[in-house]
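What follows is the residue order along each chain.
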Amino acid sequence: MSDTFRSRPALVAVAAMMATGLYVGEARASGECAKYGKPTYQADRLVKIGGDTFRSRVYVMGDMEREEIDHGGGRTEVIIVARGEVLSFFPEAKVGMRRSVAAGGRPKTPEGSIRAREERSGSNSRIILETRTDDGSWTVVNEVTCRSDGALLGRRSTVPLNGKMVPSEMIQQIRGGSVDRSMFTAPSGISFKR
């Protein structure tokens, strides 16, 4: 499989994740690191979902995030998480989707069926989310690695794809550089649907 995101099943999976709010977890992973700080940075992101891989460029300023995903063939998708909403659009096509982000961002779960723990390694921290299985054991469903200043370094989780739960991994390489606040606003002329 190519490193560019060309697989129709993976494209459908990300679209479904956006529609159901699951992709917001990927986009808001940097929010889980916010307890350590709210830095401004640029990063190169590599995401693997099942057997598919795609690359993107990420810009973070405090609790706002912009991700530019190259789908190949001159198609770029932009996802902006800012001011309580998620915008996903294709600048070339001038169309996109807008949805609100609920406070907390996670569905309610039965008491005692989910737990979070933190592990430190040098200047990095891992936030590990586990759920209780039917036999009473705990299984890891999400793991986020944060730098001491709050920059997101990576995430491993399980996501739905083609009716099955598959592994997903995201790794970020932090880059220097300033980030302009205007990057977190959609350009004029985009037609958004809810």
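Residues numbered from 1 in each chain as written. Predicted model: local features only at pLDDT ≥ 70, side-chain atom pairs only at ≥ 80, totals over all residues. Heavy atoms only, no water.

**Some words on the overall build of the protein**
Thought 1: A count of helical and extended segments in the protein gives three helices and twelve strands.
Thought 2: Sequence separation of 24 or more characterises 48% of the internal contacts of the protein that already satisfy a separation of 6 or more.
Thought 3: Of the roughly 10,300 Å² that the protein leaves accessible, carbon and sulfur atoms contribute 51%. (Helix = DSSP H or I, 4+ residues; strand = E, 2+ residues; numbered from the N terminus. Contact = heavy atoms within 4.5 Å. Areas by Shrake-Rupley, 256 points an atom, 1.4 Å probe, with all protein chains shown as cover.)

**A word on the side chain of Glu-67**
Thought 1: Mapped onto the fold, Glu-67 is located in strand 3 (residues 64–70).
Thought 2: Looking at Glu-67, its side chain comes within polar contact range of the side chain of Arg-45, at 3.1 Å. (Polar contact = N/O pair within 3.5 Å; in protein donor to acceptor, adjacent residues only side chain to side chain.)

**A short note on the state of the cysteines**
Thought 1: Under the counting rule described, the total for this entry stands at one disulfide.
Thought 2: Between Cys-33 and Cys-146 runs a disulfide, and the two sulfur atoms are separated by 2.1 Å. Between Cys-33 and Cys-146 the disulfide shows an S-S torsion of about -75°. By sign, it is left-handed. Linking Cys-33 in the loop between helix 3 (29–32) and strand 1 (40–49) with Cys-146 in strand 9 (residues 138–146), this pair joins segments that are 113 residues apart in sequence. Like Cys-33, the residue Cys-146 is buried in the burial classification. (Disulfide = S-S within 2.5 Å. Buried < 20%, exposed > 50% of the residue type's maximum accessible area, 1.4 Å probe, protein only.)

**Brief notes about the nonpolar core**
Side chains that are nonpolar tend, in soluble globular proteins, to be buried together.
Thought 1: Among the nonpolar cores identified, the biggest contains 23 residues, and Tyr-41, Ile-49, Cys-146 and Leu-152 are the most heavily contacted of them.
Thought 2: Taken together, the elements giving at least two residues each to this core come down to strand 1, strand 2 (52–61), strand 4 (76–82), strand 9, strand 10 (152–161) and strand 11 (164–175).
Thought 3: Looking at this core, the element that brings in the most residues is strand 1, giving four residues. (Core = buried A, V, L, I, M, F, W, Y, C linked by side-chain atoms within 4.5 Å.)

**A word on unusual backbone geometry**
Thought 1: Look at Lys-94: it is not a glycine, yet its phi comes out positive at around 60°.
Thought 2: The backbone phi angle of Asn-162 is positive, close to 55°, even though this residue is not glycine.
Thought 3: Mapped onto the fold, Asn-162 is located in the loop between strand 10 and strand 11.
Thought 4: The exposure class assigned to Asn-162 is exposed, which follows from its relative accessible area of 59%.

**With respect to the packing of aromatic side chains**
Thought 1: Counting across every chain of the model gives one aromatic pair.
Thought 2: Centre to centre, the rings of Phe-89 and Phe-192 are 5.9 Å apart; their planes meet at 85°, and the pair counts as edge-to-face. Note that Phe-89 is positioned in strand 5 (residues 85–90) and Phe-192 in strand 12 (residues 191–193), a separation of 103 residues in sequence.
Thought 3: With relative accessibility at 1%, the residue Phe-89 sits in the buried group.
Thought 4: Look at Phe-192 and you get partly exposed, because its relative accessible area is 22%.
Thought 5: Directly above the ring of Phe-192 sits Arg-98, whose terminal nitrogen or CZ lies 4.5 Å from the centroid. (Phe/Tyr/Trp six-rings, centres within 6.5 Å; stacked < 30°, edge-to-face > 60°. Lys NZ or Arg CZ within 6 Å of the ring centre and 35° of its normal.)

**Some details on the confidence of the model for the protein**
Thought 1: Looking at the protein, pLDDT values average 80 and 79% of them are 70 or higher.
Thought 2: In the predicted structure, residues 1–28 sits below a pLDDT of 50 and forms 63 contacts with residues beyond four places in sequence or in another chain. (pLDDT = per-residue confidence, 0-100.)

**A closer look at the sheet that holds strand 5**
Backbone hydrogen bonds hold the strands of a sheet together, and the pairing may be parallel or antiparallel.
Thought 1: Taken in spatial order, the twelve strands line up as 7-8-9-10-11-1-2-3-4-5-6-12 in an open sheet, and their pairing is mixed. In this open sheet, the two strands that pair with only one neighbour each are strand 7 (114–121) and strand 12. Between one strand and the next, the sheet's axes are offset by a mean angle of 25°, whatever the strand orientation.
Thought 2: As defined by bridge partners, strand 1 adjoins strand 2 across ten bridges and the pair is classed as antiparallel. Note on strand 2: the bridge partner recorded for Leu-46 is Arg-55. (Pairing = 2+ DSSP bridges. Axes fitted to C-alpha atoms, helices over the stretch in contact; angles between N-to-C directions.)

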